[in-house]
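Results of the structural survey
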Amino acid sequence: MPSSSSPVSVLELAFRMGETLLENGAEISRVQETMERIAQAYHVEAFNVYVLTNAIFASGVEDGIQHSVKMQYIPSTSTHLGRISAVNQLSREIVQGDRQVAEAFARLEEIRVLPYSRLPAAVLCCAVGSASFSYLFGGSWVDAAVAFFCGIALELFMSFASHRKMSKFLSNLSASALVTLCGCAMFLLGFGDNMDKIIIGSIIRLVPGVALTTSIRDFFHGDYLSGAIRMLDAFLVGGCIAVGVGFVVRAVSTLTGGALL
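Because the structure is predicted, anything quoted here is derived from the model rather than measured.

Focus on the overall build of the protein
When helices and strands are counted, the protein shows 10 helices and 3 strands. Helices and strands in the protein line up, N terminus first, as α-α-β-β-β-α-α-α-α-α-α-α-α. With respect to the principal axes defined by its C-alpha atoms, the protein has extents near 75 × 35 × 30 Å. Counting the 261 residues in the protein, one finds 44% classified as buried. A separation threshold of at least 6 residues defines the contact pool for the protein, and within that pool the share at least 24 residues apart is 67%.

What to know about helix α2 (residues 28-41)
For α2, with 14 residues, the first-to-last C-alpha span of 20 Å sits near the 20 Å given by 1.5 Å per residue. Residues of α2 that are buried include every one of Ile28, Ser29, Val31, Thr34, Met35, Ile38, Ala39 and Ala41, and no others. Phi for His43, located one or two positions after α2, is positive at around 60°.

Thoughts on the nonpolar core
One broad trend across soluble globular proteins is that nonpolar side chains are buried collectively. Core analysis: the biggest nonpolar cluster contains 32 residues, and Leu13 and Ile94 have the highest contact counts within it. Per-element accounting of this core gives the leading share, 8 residues, to helix α1 (residues 10-23). Ignoring any residue separated from it by four or fewer positions in sequence, one finds Leu13 in contact with Ile38, Tyr42, Ile94, Val101, Ala104, Phe105 and Leu108. Counting residues in each nonpolar core, the second largest holds 21 residues, with Ala161, Met195, Ile198 and Val252 among its members.

Points about the pairing of strand β1 (residues 45-52)
Two elements, β1 and strand β2 (residues 55-62), share 6 bridges in a ladder whose sense is antiparallel. Residue pairing in the sheet places Leu52 in a bridge with Ala55 of β2. Linkage of β1 to β2, two consecutive antiparallel strands, is achieved through a turn of 2 residues.

Focus: the environment of Cys150
Relative to the elements of secondary structure, Cys150 occurs in helix α6 (residues 141-163). With relative accessibility at 1%, the residue Cys150 sits in the buried group. Sequence spacing of Cys150 and Ala127 is 23 residues, and the spatial spacing of their C-alpha atoms is 7.2 Å. Beyond its immediate stretch of four places on either side in the chain, Cys150 contacts Val179, Cys182, Gly183, Ile198 and Ser202.

Quick word on the packing of aromatic side chains
Summed over the entire model, instances satisfying the criterion amount to 4 aromatic pairs. Ring centres of Phe157 and Phe160 lie 6.3 Å apart, and the angle between their planes is 45°; this geometry places the pair in the tilted category. A residue pair is termed a helical-turn pair when its members lie 3 or 4 positions apart in one helix, as Phe157 and Phe160 do in helix α6 at 3 residues. For Phe157, a relative accessible area of 18% translates into the label buried.

A few points about the environment of Val87
Within the element layout of this structure, Val87 appears in helix α3 (residues 81-95). Taking relative accessible area as the criterion, Val87 reaches 0% and is therefore assigned buried. Sequence separation between Val87 and Gly18 is 69 residues; the distance between their C-alpha atoms is 8.9 Å. Once you skip the residues sitting within four places of it in the chain, Val87 turns out to touch Met17, Thr20, Leu21, Leu108 and Ile111.

A few points about the packing of helix α9 (residues 209-220) against helix α10 (residues 224-255)
In contact at an axis separation of 8 Å, α9 and α10 are set at 160° when each is read in the N-to-C sense. By the criterion of interaxial angle, the relationship of α9 to α10 is roughly antiparallel. Seen from above, α9 lies across α10 with left-handed handedness. For the pair formed by α9 and α10, the contact residues are Ala211, Leu212, Thr214, Ser215, Ile216, Asp218 and Phe219 on the first element and Tyr224, Ser226, Gly227, Ala228, Arg230, Met231 and Ala234 on the second. Across the contact of α9 with α10, the residue classes tally to 8 nonpolar, 4 polar and 2 charged.

Some thoughts on the side chain of Ser91
On the secondary structure map, Ser91 appears in helix α3. For Ser91, the side chain forms a polar contact with the main-chain oxygen of Asn88, separated by 2.6 Å.

Details of the packing of helix α5 (residues 119-136) against α6
A packed helix pair is summarised by two numbers, namely the angle formed by the two axes and the spacing between the axes. The N-to-C vectors of α5 and α6 enclose an angle of 145°; their axes lie 7 Å apart at closest approach. α6 is crossed by α5, and the crossing has right-handed handedness. The segment α5 lies against α6, with Leu119, Ala122, Val123, Cys126, Ala127, Val128, Ser130, Ala131, Ser134 and Tyr135 engaging Trp141, Asp143, Ala144, Ala147, Phe148, Gly151, Ile152, Leu154, Glu155, Leu156 and Ser159. Counted by class, the contact of α5 with α6 contains 15 nonpolar, 4 polar and 2 charged residues.

Rules behind the numbers
Residues numbered from 1 in each chain as written. Predicted model: local features only at pLDDT ≥ 70, side-chain atom pairs only at ≥ 80, totals over all residues. Heavy atoms only, no water. Helix = DSSP H or I, 4+ residues; strand = E, 2+ residues; numbered from the N terminus. Buried < 20%, exposed > 50% of the residue type's maximum accessible area, 1.4 Å probe, protein only. Contact = heavy atoms within 4.5 Å. Expected span 1.5 Å × (residues − 1). Core = buried A, V, L, I, M, F, W, Y, C linked by side-chain atoms within 4.5 Å. Pairing = 2+ DSSP bridges. Phe/Tyr/Trp six-rings, centres within 6.5 Å; stacked < 30°, edge-to-face > 60°. Axes fitted to C-alpha atoms, helices over the stretch in contact; angles between N-to-C directions. Parallel < 35°, antiparallel > 145°, perpendicular 65-115°, else oblique. Left-handed = near helix turned anticlockwise from the far one by under 90°. Nonpolar A, V, L, I, M, F, W, Y, C, P; charged D, E, K, R; others polar. Polar contact = N/O pair within 3.5 Å; in protein donor to acceptor, adjacent residues only side chain to side chain.

Interpretation note: all reported values are geometric properties and have no functional meaning in isolation.
Written out as structure tokens, the structure is:
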């Protein structure tokens, strides 16, 4: 087994791994279990950890010395399942005794900078996803084609909002309004058969499904506070999407004398 005599702090390694998991969308139980396994693998004594949605508190005895670390705020970024999977694999290797502390730290730093998908690939995936869901929800192939182009506009805007550090709620509100406006414009120009199917397919990229699922898993594991916070976040995002869509549909319907109805 790896020794905790390494000059790199085991407690800091466990904390950084937990931080990486938390900021990339992992559920609370996964974060806590991973940190506990790392501490056990490197023989950290009296290890205790408390994880919230955006904070981690940990303490333990390392080389006979009491250490504690805490993070007051861990921002929640977009979910990155690749980083979560890589950290999980790293933790398995540590438990199996295949990684020294310094080596594990170096690998973790590589994991923390794993990139998201390139913009062209993200745009294509969003467009195809929007078209597919529009068709699956009962839209025609023309509706799917319109949703395809709305999906392109949506992903480009989300990339812009990300670079501008726009808040989550404002970006979702603006993005839902934008794709609804695009869908309405194309529908009024004669493209598309069902306005509702176009909108549903176009906004599916914004739906906080992962956040809602993670909150339910937190509830099942007894992490009620974190589960409630994440569920509230999911509902607020959903509300922003509804407001953006509803405002544009109402405004366009009023201006066009009910042409969308």
